[in-house]
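# Working through the structure, step by step
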Amino acid sequence: MKNQLYEQLKSFTEYIQIEKHYSAHTFEQYRHDIEEFYVFMKEQGLSSLKDVEYSDARLFLTKLHEHGLLRSSISRKVSSLRSFYRYLNREKQLTDNPFSFVNLPKKEQRLPKFFYEEEIQALLEACGGDKPLDIRNRAIFELLYATGIRVSECTGIQLKDVDLGLSTILVKGKGNKERYVPFGSFAHDAIERYITESRPKLMKNQTHTQLLVNHRGGALTQRGIRLILNKIIENASLTGKIHPHMLRHTFATHLLNNGADLRTVQELLGHSQLSSTQVYTHVSKDQLRKTYLAHHPRA
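Residues numbered from 1 in each chain as written. Predicted model: local features only at pLDDT ≥ 70, side-chain atom pairs only at ≥ 80, totals over all residues. Heavy atoms only, no water.

## A few points about the side chain of D56
- Its location among the elements puts D56 in helix α3 (residues 54-66).
- Once residues lying within four places of it in the same chain are set aside, the contact partners of D56 are F40, L46 and D51. (Helix = DSSP H or I, 4+ residues; strand = E, 2+ residues; numbered from the N terminus. Contact = heavy atoms within 4.5 Å.)

Have a look at this one:
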């Protein structure tokens, strides 16, 4: 039965890679979630997926809670298994889906963390310098803040995707969906300087067309970008941690705080659902105070 379980997993993962075009990161999450459930099945003496009942699915959920997982992580695991069973139902390999009626735990309503404009200015000042790596790091920071793109999208940009004449970048997002994202004059100047001055020096004997490169001339990785951003925040002497998604959160927050409409921000972020963008409709305390002072008759 073990071989059958892994054949079913292999079939499903090929489906989400080839037909659904899921990213490598999403693929790994699905595979990990299903393999974790296989371990649970072994512990419960369940040798086949068709032996799993609703009560087993509920017990699996309980064990995830006992292990102290966040509700968002539990929801993702249940969603992965629900999709796995749905696929096997469609392929006529199974007739039931024990996860169909498992209620997903309500997600925590956590506001995304973002930088205030003064903090962004401090970070920009911390990534100055005229060395090739300094110029590259400034271009990366300007690009992430100016476009709000994901770090995975950033590392995937090719030279041909950058149009300096129109100040736009062709971005390949989740599910290989493409969108054009504009950027402003500061990012334009930083990217142009990087391409003309810094990148040729860093490339050495490399010949690939990846926009962002490391100190050896190879393609820059997501981990590489995280290390660069951590160094920038260290140089800025700001407290707390930085991660690439904070610049995405900051991009969306600053646009909305300065009057951009939700639909436009949704398009720029590459969200398929407006509800994904609505989390950014929170505003900073400074913005609330400014709005209050500007509009209340007794302010």
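Let's pick the thread back up.
## A word on the pattern of salt bridges
- Taken as a whole and judged by the stated rule, the model has 14 salt bridges.
- One salt bridge connects R31 with E28, and the closest N-O pair in it is separated by 2.5 Å. Residue R31 and its partner E28 are located together in helix α2 (residues 24-43), separated by 3 residues, close to a single helical turn.
- A cluster of three or more residues bridged by salt bridges with shared partners is formed by D33, E36, R76 and K77. (Salt bridge = Lys/Arg side-chain N within 4 Å of Asp/Glu carboxyl O.)

## A word on the sheet that holds strand β2 (residues 168-172)
- Judged by pairing direction, the sheet is antiparallel, and its 3 strands sit side by side in the order β1-β2-β3 without closing on themselves. With partners counted over all chains shown, the strands left at the sheet margins are β1 (162-163) and β3 (178-182), one partner each.
- Relative to β2, β1 is paired through 2 bridges, and the arrangement is antiparallel. Residue pairing for β2: V162 is matched across the bridge by I169. (Pairing = 2+ DSSP bridges.)

## Let's talk about the packing of aromatic side chains
- Here the structure, examined in full by the defined rule, presents 14 aromatic pairs.
- Ring geometry for F37 and F99: centres 5.4 Å apart, planes at 75 degrees, overall edge-to-face. Placement of F37 in helix α2 and of F99 in the loop between α4 (71-90) and α5 (117-126) is noted, with a sequence separation of 62 residues between them.
- Judged by relative accessible area, which is 0%, F37 ranks as buried.
- Centre to centre, the rings of Y85 and F99 are 5.9 Å apart; their planes meet at 45 degrees, and the pair counts as tilted. Here the residue Y85 occupies a position in helix α4, and F99 occupies one in the loop between α4 and α5, the gap between them amounting to 14 residues. When sorted by exposure, Y85 lands in the same class as F99, which is buried. (Phe/Tyr/Trp six-rings, centres within 6.5 Å; stacked < 30°, edge-to-face > 60°. Buried < 20%, exposed > 50% of the residue type's maximum accessible area, 1.4 Å probe, protein only.)

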